[in-house]
Amino acid sequence: MTCQPEEMYQCQIANCGCIYNPDKGDRRGKIPKGTAFKDLPEEWKCPVCGASKKAFKSLG
């Protein structure tokens, strides 16, 4: 099963574009595969640019 676009979020900081995909999780941030964006800890940061969770917008 693969996630739908509305389950993926993209960092909106200029020139970053990192996409959080729940199917992959965040290995650097020790977030396991299958973790929904809404279930990420509030202190989670973008693994590319360090932006806060609030900098991400849904792709759906």
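Going by the structure above, here's the rest.
Structure report, in brief. This is a predicted model, so every value here is computed, not measured.

### Remarks on the sheet that holds strand β3 (residues 56–58)
One open sheet holds the three strands; their spatial order is β2-β1-β3, and the pairing between them is antiparallel. What marks the edges here is a single partner per strand, and that holds for β2 (19–20) and β3. Pairing geometry for strand β1 (residues 9–11) and β3, over three bridges, is antiparallel. The residue of β3 that forms the bridge with Cys11 is Phe56.

### Thoughts on the environment of Asn21
In this fold, Asn21 is placed in the loop between β2 and β3. Taking C-alpha positions, Asn21 is 9.0 Å from Pro5, a pair spaced 16 residues apart along the chain. Once residues within four sequence positions are removed from consideration, Asn21 is found in contact with Cys3 and Met8.

### Thoughts on the pattern of salt bridges
Scanning the model with the defined rule gives two salt bridges in all. One salt bridge connects Lys38 with Asp39, and the closest N-O pair in it is separated by 3.4 Å. With a closest N to O distance of 3.5 Å, Lys53 and Glu42 form a salt bridge. With Lys53 in the loop between β2 and β3 and Glu42 in the loop between β2 and β3, this pair connects stretches of sequence that are 11 residues apart. Overall, Lys53 belongs to the buried group, its relative accessible area being 9%.

### Let's talk about the nonpolar core
Grouped together as the largest cluster of nonpolar side chains are 12 residues: Cys11, Cys16, Cys18, Tyr20, Ile31, Phe37, Leu40, Trp44, Cys46, Ala51, Ala55 and Phe56. For Leu40, the contacting residues outside a window of four places in its chain are Tyr20, Ile31, Thr35 and Lys53.

Rules used throughout
Residues numbered from 1 in each chain as written. Predicted model: local features only at pLDDT ≥ 70, side-chain atom pairs only at ≥ 80, totals over all residues. Heavy atoms only, no water. Pairing = 2+ DSSP bridges. Helix = DSSP H or I, 4+ residues; strand = E, 2+ residues; numbered from the N terminus. Contact = heavy atoms within 4.5 Å. Salt bridge = Lys/Arg side-chain N within 4 Å of Asp/Glu carboxyl O. Buried < 20%, exposed > 50% of the residue type's maximum accessible area, 1.4 Å probe, protein only. Core = buried A, V, L, I, M, F, W, Y, C linked by side-chain atoms within 4.5 Å.

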